[in-house]
Each structure stands twice: as C-alpha cells, then as structure tokens.
Amino acid sequence: MDIERVIANLPIYAAGGKPSQDTLRAYKRTGMYFINWLSQHGRNPDAPTEQDAAEYVAELYAANMKRDGVNQRIAGGRAFYRVASKIGEYTGDNPFEKIHGRISNPEDATTEFFTPDELKEIYTKCETDRERAIFLLMAIEGLRTIEVVRMQIKDYDRKNQRIRVHGKGDHDAWIYPSELTQDTLSNYIGTRVFGNVFVNDIDGSPLTREGVKYIVNRMLRRAGLKKRGASCHALRHSCGTNLYAVTKDLRLVQETLRHHSPQVTARYTHITNRRNVTNALTEG
C-alpha cells in the first residue's frame, strides 16, 4: 500500500470531501498510529484483519486511554482504510468496519458547565461584539467550536432570521437564534459581505479553533471562572444543561444541540438530577 498516496487523497474522500484541517490532521495521525502498531507487532499493513483492529483497540483501553481518544483512533483507522480502498490501494475488508468504541455512560458525565448566573457574569466581562457573539452562539445557541470557526457571512440569513450551521460529519442545519444573538452578530459583521464571520483582529485571517479557545479562556479568566475542564465545550454543555433544567424537554435539548443520538442528550437528565440532589443536601 502506498501510504503517502492514501494520505494525499484524504482531503478528497474523507468527511464527504469537505474535511476541516483539524479532521485531516486527526485522520492522518490516527491512521498512521495503526499502521505503526501493525509494523511493530509484525502484522502486514496491506492486509490487516478485524482481529488486528480489535487487539489494537484493546491495547489502547489497557493503557488507560480515554474513551474519546480511543473512539478517535477507531474513526481515524476506519477512514484511512476506507480511502485506501476507494483509490485502489487496499482491496480487503475495512478492519475497523465492525469495531466500535465504548459508549459513554450518562451517569459518568462530569463535563463542566456554568449556571445561568455564572453565564451572566461571563457575558458582562465580554469586551467586544466578537467576544459577545462567540459567547452567545456557544452558551445560548449551543454551537460547537468548529461550527463557530466554519461560519461564513453568507450563512447568516438576516431576512429569515436564521443561521446555517455546518456541523460534524458534514451535517448542515438551520438554527433560529435569539434576537440578542442576531443583533450582536449583525453588529460584529457590520458591512462585510463575504468570508468567515470570525476573523483575527490583526490581519483579518479566519479564526482557528485555537483562536476561539484563547478568546473564551480570556472571558472566563475575567469572570474568575476559568478552571480545569472549563473552556469552549463547557459553554455548549451549559446550553444543554440549563435548557433541560428549565424545560425538562429532552427532545428540545436534542434538537437545539443537534445530537443525532438521544443517548448522547440523555446525559443532561443525569447532570440536572445530580445537581438537584446536591442542592437539596447542601441546603438541608
């Protein structure tokens, strides 16, 4: 198998032909991890078996790799061999096709989130329309970091008061944001008519994931709420947690966060229930 040719074709076939740079790097990296593992164990990278993939994953778990890290390795390996097959570099069955990682247990959900009062405090510490827009899109509308990074000016349909969100796995969806989010976004965009919504203040280049994370961390520090595990994704989780706490409508949370599986959304019932029990105990 010509590994370099497979890597060169990842942008064409991976993620529906529209992978982000982060996705490309992840697929290349995780694909090569498996290739190297095969070589180190005397296996043939040109003819790996499902058993090889299963043993590889078992070793990752045995090394105490986190669930999300293992799932990323599985997805990367599957994508790597899928592309190799499409370009004729591999003719066997995809070794990862039937390999699945562990599903998260909602009872184990420990992701940081912010209460409504804490969100208000963070919002008051935002100093620019760019910061306010990023905060509102994540904490109120529930966008992921990559969805904020991908947002184009043309995705904001002011006439119909909606935003097209470019989600994970090339899944697009329309959301109907609050008036505050719309007004803030409009103020930030100003007279610009094309390109990325969120750009670097210095040279106008598109913000990266790292750039958004830097901005969010700066907001949290101003509010005195920066701690380990609390960053961009904590804002999205705050949206889901607080929405469920108010509505008790799991379906609404699933639609807002655009989860494909209700099992993923179910974590918010456990987070809210656990918080209610904790509050009852501390108040007693």
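Reading guide: rules and limits
Residues numbered from 1 in each chain as written. Predicted model: local features only at pLDDT ≥ 70, side-chain atom pairs only at ≥ 80, totals over all residues. Heavy atoms only, no water. Phe/Tyr/Trp six-rings, centres within 6.5 Å; stacked < 30°, edge-to-face > 60°. Helix = DSSP H or I, 4+ residues; strand = E, 2+ residues; numbered from the N terminus. Buried < 20%, exposed > 50% of the residue type's maximum accessible area, 1.4 Å probe, protein only. Lys NZ or Arg CZ within 6 Å of the ring centre and 35° of its normal. Core = buried A, V, L, I, M, F, W, Y, C linked by side-chain atoms within 4.5 Å. Pairing = 2+ DSSP bridges. Axes fitted to C-alpha atoms, helices over the stretch in contact; angles between N-to-C directions. Left-handed = near helix turned anticlockwise from the far one by under 90°. Contact = heavy atoms within 4.5 Å. Nonpolar A, V, L, I, M, F, W, Y, C, P; charged D, E, K, R; others polar. Expected span 1.5 Å × (residues − 1). Salt bridge = Lys/Arg side-chain N within 4 Å of Asp/Glu carboxyl O.

Caption draft 1: Representation of the packing of aromatic side chains within the structure. For the structure on display, the rule yields 10 aromatic pairs. When the ring of F34 is compared with that of W37, the centres are 6.1 Å apart and the planes differ by 10°; the resulting orientation is stacked. Remark: W37 and F34 occur in helix α2 (residues 21-40); sequence separation between them is 3 residues, near one turn of the helix. As far as burial versus exposure is concerned, F34 and W37 are alike and both buried. An aromatic cluster is built from F34, W37, Y56, F80, Y81, Y90 and F96, whose rings are joined through pairwise contacts. Above the plane of the ring of Y188 lies R192, whose end atom (NZ or CZ) is 5.0 Å from the centre. In this structure, K248 is placed above the aromatic ring of Y244, and the distance from its NZ or CZ to the ring centre is 5.9 Å.

Caption draft 2: How the structure looks around the nonpolar core. Of all hydrophobic cores here, the largest spans 38 residues; its most connected members are I122, I134, L185 and F198. Only α5 (116-124), α6 (129-139), α7 (145-150), β2 (162-166), α8 (179-189), α9 (209-222) and α10 (232-247) provide two or more residues apiece to this core. Considering every element that reaches this core, the biggest residue donor is α6, with 7 residues. Ranked by size, the runner-up nonpolar core spans 26 residues in total, among them Y27, F80, F96 and I99.

Caption draft 3: Spatial organisation of the pairing of β2. When strand β1 (residues 156-157) meets β2, the two strands line up antiparallel, connected through 2 bridges. The partner of D157 across the bridge, within β2, is R162. Here β1 folds back onto β2, and the loop between the two strands holds 4 residues, one of which, Q161, carries a positive phi near 55°. In the sheet, β2 pairs with strand β3 (residues 172-175) via 4 bridges, with the strands oriented antiparallel. Bridge pairing in β3 places H166 opposite D172.

Caption draft 4: Summary view of the packing of α6 against α8. The N-to-C vectors of α6 and α8 enclose an angle of 145°; their axes lie 9 Å apart at closest approach. As α6 runs across α8, the sense of the crossing is left-handed. Each of D129, R130, R132, A133, L136 and L137 in α6 lies in contact with α8, whose residues at this interface are L180, T181, T184, L185, N187 and Y188. Tallied by class, the residues present in the contact of α6 with α8 amount to 6 nonpolar, 3 polar and 3 charged.

Caption draft 5: Structural context of the sheet that holds β3. Ordered by their spatial adjacency, 3 strands build an open sheet running β1-β2-β3, and the pairing between neighbours is antiparallel. The open sheet has two edge strands, β1 and β3, and neither has a second partner.

Caption draft 6: Representation of the side chain of T30 in the model. By secondary structure assignment, the location of T30 is in helix α2. Overall, the relative accessible area of 1% leaves T30 in the buried class. Once you skip the residues sitting within four places of it in the chain, T30 turns out to touch Y56, Q72, R73, G76 and G77.

Caption draft 7: The arrangement of α2 in detail. For α2, built from 20 residues, the straight-helix expectation of 28 Å at 1.5 Å per residue is met to within 8% by its first-to-last C-alpha distance of 28 Å. Listed in full, the buried residues belonging to α2 are D22, T23, L24, A26, Y27, T30, G31, F34, I35, W37 and L38. In this structure, the buried residues of α2 make contact with α1 (3-13), α3 (50-62), α4 (67-86) and α9. At the C-terminal side of α2, G42 shows a positive phi close to 70°.

Caption draft 8: Quick look at the environment of K98. Summarising the element assignment, K98 is placed in the loop between α4 and α5. You can call K98 exposed: its relative accessible area is 65%. Taking the C-alpha atoms as reference points, K98 and A53, 45 residues apart in sequence, are found 9.5 Å from one another.

Caption draft 9: Molecular detail of the pattern of salt bridges. A complete count under the given rule lists 14 salt bridges for this structure. Salt-bridge contacts for D52 lead to R43; the nearest nitrogen and oxygen are separated by 2.5 Å. For D52, a relative accessible area of 9% translates into the label buried. Residues participating in the shared-partner salt-bridge network are E127, E131, R218 and R222.

Caption draft 10: Seen up close, unusual backbone geometry. Backbone geometry at N64 places phi at a positive 65°, although glycine is not the residue there. Note on placement: N64 falls in the loop between α3 and α4. What makes N64 exposed here is its relative accessible area of 67%. You will see that Q161, though not glycine, has its phi angle at about 55°, which is positive. With respect to the helices, strands and loops of the structure, Q161 is situated in the loop between β1 and β2.

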